[in-house]
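# Summary of the model geometry
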Amino acid sequence: MFVLCCSFRRSSSSRVVSLFVGSFNSPAHLLNKHKQFSRTFMASSSTKFVFAGCQLLVGENKEENLSNARKAIDEASQKGAHIVSLPECFNCPYSNASFPVYAESIPDGPSTKMLSLAASSNKVYLIGGSFPEKDGDKLYNTSLVFDPEGNLIAKHRKIHLFDIDVPGKIRFKESETLSPGSTPTVFETKFGKIGLGICYDIRFAELALLYSQRGAKFLVYPGAFNMTTGPAHWELLQRSRALDNQLYVAAVSPARNPSSSYTAWGHSTVVNPWGEVISTTGHEPGIIYAEIDFSKLDEIRANIPITLQKRDDIYKVVDIVAEKQQK
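Thresholds applied
- Residues numbered from 1 in each chain as written.
- Predicted model: local features only at pLDDT ≥ 70, side-chain atom pairs only at ≥ 80, totals over all residues.
- Heavy atoms only, no water.
- Helix = DSSP H or I, 4+ residues; strand = E, 2+ residues; numbered from the N terminus.
- Buried < 20%, exposed > 50% of the residue type's maximum accessible area, 1.4 Å probe, protein only.
- Areas by Shrake-Rupley, 256 points an atom, 1.4 Å probe, with all protein chains shown as cover.
- Core = buried A, V, L, I, M, F, W, Y, C linked by side-chain atoms within 4.5 Å.
- Contact = heavy atoms within 4.5 Å.
- Axes fitted to C-alpha atoms, helices over the stretch in contact; angles between N-to-C directions.
- Parallel < 35°, antiparallel > 145°, perpendicular 65-115°, else oblique.
- Left-handed = near helix turned anticlockwise from the far one by under 90°.
- Nonpolar A, V, L, I, M, F, W, Y, C, P; charged D, E, K, R; others polar.
- Polar contact = N/O pair within 3.5 Å; in protein donor to acceptor, adjacent residues only side chain to side chain.

### Section: the overall build of the chain
Looking only at helices and strands, one finds nine helices and 17 strands in the chain. Relative to its 327 residues, the chain shows a buried fraction of 55%. For the chain, the computed accessible surface area is about 14200 Å², with 52% contributed by carbon and sulfur atoms.

Laid out in structure tokens, this is it:
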């Protein structure tokens, strides 16, 4: 499996991202170099951290998928990541036929246990991509989040199910096997709040705005766009959500598996609040890294103060779930 590594240097006008590809068995001097770069800039501010998105090749062997995920988490931590995300459906093929077969209960299943142990062993916040969750007679596409002690701190069930039909190109109906979640998810870290969605959730600007209203400064979407929607909309949607809300957005995809019935687009990406792509890759297995600096949000929001300029007397997004919880 290959890893996409990045280093950062500053110019007078912008931050430049330098990328190179290495393996999980990279020479020790490369591991030390990137671990040192991450820890050095992090030491200067609690609003800065390294995000890593693990673009994994997912096959039919569940144990192998879990093993590859653990290796990628370990590698990302070794290179200095503080928050790590896996892709959507990291433990199984993305198909309606696979969801019931690979589904697990939470917190008793092997995927949950692996994620908790990986987070605590590496002392990272871990966004566990997603995997099929079995709860009674229902199945959900679920993402779990763990803190650096391995505690489960958030669970997001995909709110918007992927039901599309593009004639002659792709038809997929998650609703044939999955049920939708009903709870928006924002979780706390020592760096700030992060909003969580899964794949198709990114198409709904209202959800992202709700996350921003709840104080999220970074939105993470484990996702598996396909060869039809990926080239057209994957990056566009990430940049749109980042610009809409003046925050960071990351989308983490599985690697492209040509033998799979559903072919993922890949191209895991991180976008900054200015709408710029600051880290990305192709369709092969790898890890992307990005420096996230929440202090940049204040600067951009002061320059273009759209939050203060909204017309709440004409339009607004209402947080219905939060209002119900307060009653």
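Moving on from the coordinates now.
### A closer look at the nonpolar core
Formed by 43 residues in total, the largest nonpolar core has its most connected members in Phe51, Phe218 and Ile292. Here phenylalanine 218 is in contact with Phe49, Phe51, Lys193, Ile194, Gly195, Leu247, Tyr248, Val249, Ala250, Ile292 and Phe294, once residues within four sequence places are set aside. Judged by nonpolar contacts, the second largest core, of 26 residues, contains Ala72, Ala81, Leu86 and Met114.

### Some words on the packing of helix α2 (residues 62–78) against helix α4 (residues 110–122)
Between α2 and α4, the shortest axis-to-axis distance is 10 Å and the interhelical angle comes to 15 degrees. The orientation of α2 relative to α4 falls into the category roughly parallel. The element α2 and its partner α4 pack so that their crossing is right-handed. Between α2 and α4, the contacting residues are Lys62, Leu66, Ala69, Arg70, Ile73, Asp74 and Ser77 on the first element and Pro110, Ser111, Met114, Leu117, Ala118, Ser121 and Asn122 on the second. In terms of residue class, the contact of α2 with α4 is made up of seven nonpolar, four polar and three charged.

### Details of the side chain of serine 130
Its location among the elements puts serine 130 in the loop between β5 (125–127) and β6 (131–135). Accessibility expressed as a relative area gives 0% for serine 130, which makes it buried. There is a polar contact of 2.7 Å between the side chain of serine 130 and the side chain of asparagine 141. Excluding residues that lie within four positions of it along the chain, serine 130 makes contacts with Pro87, Glu88, Cys89, Phe90, Asn141, Thr142, Ser143 and Ile198.

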